[in-house]
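Letter by letter, the chains look like this.
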Amino acid sequence: QVQLVESGGGLVQAGGSLRLSCAASGSIFRINTMGWYRQAPGKQRELVASITSGGSTTYADSVRGRFTISRDNAKNTVYLQMDSLKPEDTAVYYCNADVRRLGVTFKNEDYWGQGTQVTVSS
């Protein structure tokens, strides 16, 4: 009973910015790592950025220096600030969370959002 809902996608011109948000809700005891993945048509889903519960971040080489991931643990929300967007950033962006649910022991589970479309025009 965990849901991830993304928002903030849209159409933007090259060089512009977007901020994606992903709010987790449900029977959550703890969220470990949260991350953003993206999938472009004809390509495999790839990790864009991730952030641990302690705030350690990881970025794909293609976005490092342009994107910033952050989280608000009190709100179970992760953000992706995307600056200097390029057409190759066009993809469906998916939120991911590694969750320990309330009442569940010895088991962490991955949850995915429904995806939000980011389109960067050239």
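Everything discussed here concerns the structure shown above.
What comes next concerns the included structure. This one's a predicted model, so the numbers in the text were calculated from it and none came from an experiment.

With respect to the overall build of the protein
Here comes step 1: Each helix and strand in the protein was counted, giving zero helices and 11 strands.
Here comes step 2: Reading the helices (α) and strands (β) of the protein from amino to carboxyl end gives β-β-β-β-β-β-β-β-β-β-β.
Here comes step 3: Taken over the C-alpha trace, the protein has a radius of gyration of 14 Å; the compact-globule value for 122 residues is 14 Å, and the two agree within 12%.
Here comes step 4: In terms of overall dimensions, the protein has a C-alpha envelope of 50 × 25 × 25 Å along the principal axes.
Here comes step 5: Residue burial in the protein is summarised as follows: out of 122 residues, 43% are buried.
Here comes step 6: Contacts spanning at least 24 positions in sequence make up 56% of the contacts within the protein whose residues lie at least 6 apart.
Here comes step 7: Treating the 13 positive side-chain charges of the protein as one cloud and the 10 negative ones as another, the clouds have centres 4 Å apart.

Reading guide: rules and limits
- Residues numbered from 1 in each chain as written.
- Predicted model: local features only at pLDDT ≥ 70, side-chain atom pairs only at ≥ 80, totals over all residues.
- Heavy atoms only, no water.
- Helix = DSSP H or I, 4+ residues; strand = E, 2+ residues; numbered from the N terminus.
- Rg over C-alpha atoms; globule rule 2.2 N^0.38 Å.
- Buried < 20%, exposed > 50% of the residue type's maximum accessible area, 1.4 Å probe, protein only.
- Contact = heavy atoms within 4.5 Å.
- Lys, Arg positive; Asp, Glu negative; His and termini not counted.
- Charge placed at Lys NZ, Arg CZ, Asp CG, Glu CD.

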